[in-house]
Every structure is written in C-alpha cells, then in structure tokens.
Amino acid sequence: MYSERIGSLSPYLFAAIDDARVRAIERGVDVIDLGVGDPDRPTPSHVVEALCRAARDPSTHTYPSYLGLLEFREAASLWYLERMGVELDPETEVLTLIGSKEGVAHAPLAFLDPGDLALVPDPAYPVYRIATVFAGGVPYSIPLEPENGFLPDLGAIPEDVLRRAKILFINYPNNPTSATADLGFYREVVEFALENEIIVFSDNAYSELTFDGYRAPSFLNAPGAMDVGIEFNSLSKTYNMTGWRIGFAVGNRDILKGIGEVKTNIDSGAFEAVQRAGIRAMKGEQDCVDEMKKIYRERRDLLIKGLKRIGIRVTPPKATFYIWAPVPEDYTSIEFSKLLLEKAGIIATPGIGFGEHGEGYLRFSLTTPTNRIEEAVKRMERLKDNLST
Ligand SMILES: *Cc1c(COP(=O)(O)O)cnc(C)c1O
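Quick caveat, the model's predicted, so the values are computed rather than measured.

Q: What is the right way to read the pattern of salt bridges from this model?
A: A side chain with one charge can pair with a side chain of the opposite charge if their charged atoms come near. With the rule as written, the count across this model stands at 17 salt bridges. Here the residues in one salt-bridge network are Asp30, Arg372, Glu375 and Arg379, joined through shared partners.

Structural data, given as structure tokens:
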C-alpha cells in the first residue's frame, strides 16, 4: 500500500525505544525519560497572553500570507540584527516557517533533482536525510568525529561526490553531539560552498541555549555566507514553544524564494495569531531565556556528576540541552540504553539512532524537571555497584 519513499524510512529504533518505555511503565517502573528533546517548562506567560489576544481578533482567522506576516519577518530580522549582528531585508531575506522542521523538510524539494546528492552529517537530526530522500535525492554521509570536535572534514569528501552534491546541511550548536562551531568553521564552509557550487542549509535551532558565557555565532556571520546559504532558526527551543509550530529561515533571497515556491503549493502559512505571539517572544523581555539557560546548566552539571559515578566522563557542553555521552566499552549504544532502562528506569537515546557514526554514544536530554534528574543521578549511583560486578 505504501510508497517506496515511506518504505525507505527506518523508524524502528525510535519506535522500539518508545515500545520499551511503554512496557516498562506497564510493569510499574517509574521511568525517567531523558530521551526526547522537548522542553518541559511552559511557554512564557507574556507570549501565551499575546496568542490569546491575537486569537480573539478575527483578522487572524483567515488564510495567512504565504511568506508570513511582514511584522513577524521584521521582528525576526531585528532579532537577527541584535542577536547575531546580521542585517536582513525582512521583505526578501526572511521566510516564516511552520516550525523549522517544516522548512528543513521542504527545502530539498526546491533544489534536488533525482540522483542529486545532499551532504548530510552523521550523526544528525534525522530530518536532513529523510527530506533528501523524499525529494528524490541521495544522502551522502559526512562523519562527525570526536577528534574533529564533531565538525565535518570537508576536505575528505571525494571529487566525484562534490560534483554531484547540491546541498550541505550543517547544525551548530549540534543535536545530538552538543558540539559548537566557531566563525572559522563557517568561513571554511562558505569557501567550500563557493568552490563547489553547493547550497548551505545551516540549522541554528539551539543558537540561544548556550552556557558559561559562550555565544553561538550564526553561519551568516561569515563573509559571503549570504551568497551561498540560508539559516533555519526556531522559537521552539529558545522560548519553549515546540507545540506552537513557528520558526523562520533567513539568508539568500533566491534560495528562500525556492522554498517559498514549494510552500505556496503545499501549506498556507503559519496561523497569524501564532506569528503575533512569536513577535512578542522575539521583541519582548528576554529574561525567560536566561532563566531557562540557568535551569539547563544546573541540570547539565547534575547529570554529568551522575554519569561520572558510572564511569562515563563528559566535558560539559557549551550549548544545547543534550549530553552526548560515550557508552562504556563492551557495550553498544542499544545495549547500554537497555541496561539503563532495565536497571535504573532511565531512558536515553542510543547514538546509532542518529546515524552509524553515533554508535558508541547515548544522548541524554535535559528537558525533564530537575528533581527527576536528581533522581536519575541517585539511581546511577546505585547502578554503579551493579556495573562493577
Ligand atoms: C528541535 C530541532 C529543530 C526543529 O524545531 P521546530 O520545532 O520544527 O522549529 C530543528 N533542528 C534541530 C537540530 C532540532 O533539534
């Protein structure tokens, strides 16, 4: 019944984890879910208020404009100017998205013809690969290795691959590895893109979730980036708005035009009341972001302490709400995640779920209440005795 496109998906691992979680809960296990990256805290109340007000205004009830409200695009461009120092024309260099996942998933449709290659990091957010396949393209994996700070080695990509490649996906601060990139890397990417005529899709969903004084740059900070690529950003992680489905893309106007073309024919834009709430989030007080960062940092340090107890050493990440933890030798990532669930009731995502180079790691998400992370740490302490026998 299903298309080959659907058949080519491999959702089995994540489905299997979810299955194991449900079965554990049925057995009465008090499961601590550090698997999914979905903020546990509510959207800031001033943003919720803005939605309520906007929803009562009937002018938001009609089909929205395809490109997004101009005021939303102005707010996003102002936010990029203030936050990243990047100047954008809200009319042509900003596109509203129904969550950045929507944009990432649709983007390859505008640029890939059957057989074209997209350079996809491994491990990575699964949407890059799937969107490529859905568009008829072929994903070419570029490994992210710890020796390289989980940055791709662009120089190692073979000539014949470069000739067929049309898109490069990058994502820093990174999900799942929590690695960060500096401006030097982005400069290298621009040079690489110009040389090989490759379009760059930078996914900066975690740009604001940074710690210890670190500030994540934008790909668009690199000179020439506006000529070769775009950047996806999202209100989901920054303002605890994953359920609202609102994000945007910024950068090269021709690339954005292509994505807009696809979207015009598929969706009819983001609910204007949600866009108005998004404006409030971006233009309003930013204390809520600082508060979340403090909470994630506290959880990060707690969990790292717990991991240390079971012999897993992790350098505190400078960004994202993930801990990318190497599993003990003699275990695969799936085996160790099973052990954690069975012996401690803790769910973490096996790295292999993000690509074959994710093997050997588990991803722990910090989007669970702090007292539950404290409980997870206690269980890890008890698990320690289990592991050594
Ligand atoms: C969460 C996430 C997104 C998408 O978020 P939206 O809610 O669709 O805006 C995009 N990229 C990465 C890497 C993510 O982790």
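Back to the text.
Q: Can you help me understand the site of the ligand in this one?
A: Close contacts around the ligand come from 14 residues, with Asp203, Tyr206, Ser234, Ser236 and Lys237 the closest. Contact between the ligand and Asp203: a nitrogen atom at 2.5 Å from a side-chain N or O atom of the residue. Note that an oxygen atom of the ligand is positioned 2.7 Å from one of the side-chain N or O atoms of Arg245. Notes on the ligand: free accessible area 390 Å², of which the protein chains cover 94%.

Q: Even after reading the chapter, I still don't get the sheet that holds strand 2 (residues 94-97), so can you show me in this structure?
A: Sheet strands associate in pairs through backbone hydrogen bonding, adopting either a parallel or an antiparallel arrangement. Strand order across the open sheet formed by 7 strands is 2-8-7-6-5-3-4, with mixed pairing between neighbours. Looking at strand neighbours, the two that pair on one side only are strand 2 and strand 4 (138-143), the edges of this open sheet. Neighbouring strand axes in the sheet, compared pairwise and without regard to direction, differ in orientation by 25° on average. Of the strand pairs in this sheet, strand 2 and strand 8 (residues 247-251) are connected by 4 bridges, and their pairing is antiparallel. Note that in strand 8 the partner of Leu95 across the bridge is Ala249. Contacts from helix 8 (residues 183-196) reach strand 3 (117-122), strand 5 (165-170) and strand 6 (199-203), with the element oriented near 170° to strand 5.

Q: I keep staring at a negative patch on the surface and nothing clicks. Help me out?
A: Residues Asp153, Glu188, Glu191 and Glu195 make up a contiguous surface patch of negative charge. Here Glu195 shows up in helix 8.

Q: It is not clear to me how the domain arrangement of the chain should be interpreted in this structure. Could you clarify?
A: Under the domain assignment used here, the chain contains domain 1 (4-42 + 287-388) and domain 2 (45-283). At the junction of the two partners, domain 1 supplies 29 residues and domain 2 supplies 32 residues. Three residues stand out in domain 1 for area buried against domain 2, namely Lys318, Thr320 and His357, and they jointly supply 23% of the buried area on that side. There are 2 salt bridges connecting domain 1 and domain 2. Ionic pairing is found between Arg297 and Asp212, a salt bridge with its closest N-O pair at 3.4 Å. Elements supplying a minimum of two residues to the side of domain 1 that touches domain 2: helix 12 (287-309), strand 9 (322-326) and strand 12 (361-365).

Q: Whenever I open this one, the state of the cysteines confuses me. Can you help?
A: In protein structure, a disulfide is the covalent linkage between the sulfur atoms of two cysteines. The tally for this structure, following the rule as stated, stands at 0 disulfides. Considering cysteine sulfurs only, Cys288 is the nearest to Cys52, which forms no disulfide, with 16 Å between them. Taking relative accessible area as the criterion, Cys52 reaches 28% and is therefore assigned partly exposed.

Q: Would you take a moment to explain helix 13 (residues 333-344) for this structure?
A: For an α-helix, 3.6 residues make a turn, and residues three or four places apart therefore share a direction. Between its first and last C-alpha, helix 13 extends 16 Å over 12 residues, near the 16 Å set by a 1.5 Å rise per residue. Of the residues making up helix 13, those classed as buried are Ser333, Phe336, Ser337, Leu339, Leu340, Leu341 and Ala344. One or two steps after helix 13, the chain reaches Gly345, where phi turns positive at roughly 65°.

Q: How do you make sense of a nonpolar patch on the surface when you look at a structure like this?
A: Together, Met1, Tyr2, Ile6, Ile130 and Phe134 give the surface a local cluster of nonpolar side chains, amounting to about 600 Å² of exposed area. Given the relative accessible area of 40%, Ile6 is considered partly exposed.

Q: Just checking my understanding: could you explain the sheet that holds strand 11 (residues 349-350) for this structure?
A: The sheet built from 3 strands is open, its strands ordered 9-12-11 with antiparallel pairing. Of all strands in the sheet, those bounded by a partner on one side alone are strand 9 and strand 11. The pairing of strand 11 with strand 12 spans 2 bridges and is antiparallel. Paired with Thr349 across the two strands is Arg363, which belongs to strand 12. Along the sheet face, helix 12 touches strand 9 and strand 12 and points at about 15° away from the line of strand 9. Contacts from helix 13 reach strand 11 and strand 12, with the element oriented near 45° to strand 12.

What counts, and where the lines are drawn
- Residues numbered from 1 in each chain as written.
- Predicted model: local features only at pLDDT ≥ 70, side-chain atom pairs only at ≥ 80, totals over all residues.
- Heavy atoms only, no water.
- Salt bridge = Lys/Arg side-chain N within 4 Å of Asp/Glu carboxyl O.
- Near = heavy atom within 4 Å.
- Polar contact = N/O pair within 3.5 Å; in protein donor to acceptor, adjacent residues only side chain to side chain.
- Areas by Shrake-Rupley, 256 points an atom, 1.4 Å probe, with all protein chains shown as cover.
- Pairing = 2+ DSSP bridges.
- Helix = DSSP H or I, 4+ residues; strand = E, 2+ residues; numbered from the N terminus.
- Axes fitted to C-alpha atoms, helices over the stretch in contact; angles between N-to-C directions.
- Contact = heavy atoms within 4.5 Å.
- Patch = residues over 30% accessible without salt bridge, like charges linked within 9 Å, V, L, I, M, F, W, Y side chains within 5 Å.
- Lys, Arg positive; Asp, Glu negative; His and termini not counted.
- Charge placed at Lys NZ, Arg CZ, Asp CG, Glu CD.
- Domains from an automatic or database assignment.
- Buried area = accessible area lost by both parts, 1.4 Å probe.
- Disulfide = S-S within 2.5 Å.
- Buried < 20%, exposed > 50% of the residue type's maximum accessible area, 1.4 Å probe, protein only.
- Expected span 1.5 Å × (residues − 1).

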